[in-house]
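# Notes for the structure review
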Amino acid sequence: MARGLDHIVHAVRDLDAAAEIYRRLGFTVGARNRHPWGTHNRIIQLPGFFIELLTLAEPEQFGGDVFSKFFGVFTHEFTARHDGFSTLILESQDAIADAADFRASGIAVAEPKRFDREGKRPDGSTVQLGFSLAFAGDDHAREIGFATCQQHRPENFWNPAFQKHANSASGIAGVVAVAETPSRHLDFMQRFIGAAAARSDHDGFAIETPRGTVEMLTPNAFLARFGVKGPDVTGGARLAALRFSVGEPGLLDAVIGAQDAMGAVLVFEPTTNQWH
């Protein structure tokens, strides 16, 4: 069964500045959290999906574990070059099974790993959170991290109070990546998502998931569709945009360019899916 979108990492040098941008765009932004491998995050929730604003705050906390490598070191190296979307994470019912699937498909890059941390409810009370991740990698997309995430205490993480946004964003419509040759990444993306089919043409491809569409376009096709440039892909494919479903699209501009959102393109649209 295909895996739906779970969350995306927006890696930034200045976490509080990123949070303020999202607040000004009408999102409800969570409090700062700390990870034992040196990164700090702030969360923006939608039903079944979230944006993880992530920064490297304590590099001295790096260890030899997979989270230090996959999030700490990767975030450090990514933000040394630019801010922007760095990691695509899909939902998982069983991270161990996903890891086995990735190994069989030849795309696994590490053994699955679990971590637990404390979270806070809107009233300030503390709850326990638990996650297990399985990791994949595309040799032709070194600027993108890929993983699936299984939540062990989802009732402690998802909260309707965090999913109400002044901009009327009500769900995730899709993620858009950019590459010089999208077809080069199609086989990996189908294996990663677990999808049997994709729509494709000379401009790129789209894969439907149980939650949102994953697309990859050429830079010219991205510009033509959204009216703004995607990220530089001279170093390989990049995650470029998030598409949000909104109830009141007139509340803000339909597309926020990367120069205004710390390397991310944010698209607000009334429909849940578009393919051009």
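Residues numbered from 1 in each chain as written. Predicted model: local features only at pLDDT ≥ 70, side-chain atom pairs only at ≥ 80, totals over all residues. Heavy atoms only, no water.

Looking now at the sheet that holds strand β6 (residues 108-120). With mixed pairing, eight strands are arranged side by side in an open sheet as β2-β3-β4-β1-β5-β8-β7-β6. Sheet topology places β2 (33-34) and β6 at the edges, where each strand pairs with a single neighbour. Where β2 lies against strand β3 (residues 39-46), two bridges are found, and the strand directions are antiparallel. Bridge pairing links R34 to H40 in β3. (Pairing = 2+ DSSP bridges. Helix = DSSP H or I, 4+ residues; strand = E, 2+ residues; numbered from the N terminus.)

This part covers the sheet that holds strand β9 (residues 169-178). Spatial strand order, β10-β11-β12-β9-β13-β15-β14: seven strands in an open sheet with mixed pairing. Pairing within the sheet leaves two strands with one partner each, and these edge strands are β10 (199-201) and β14 (255-256). Sheet analysis places β10 next to strand β11 (residues 204-208), joined by three bridges and oriented antiparallel. In the sheet register, R199 faces β11, and the bridge partner there is A206.

Ranked by size, the top nonpolar core spans 56 residues in total, and within it Y22, F192, L242, F244 and L266 carry the most contacts. If you look at the next biggest cluster of nonpolar residues, it comprises 19 residues, including I43, F67, V127 and F157. (Core = buried A, V, L, I, M, F, W, Y, C linked by side-chain atoms within 4.5 Å. Buried < 20%, exposed > 50% of the residue type's maximum accessible area, 1.4 Å probe, protein only.)

Taken by themselves, the reported measurements are silent on function.
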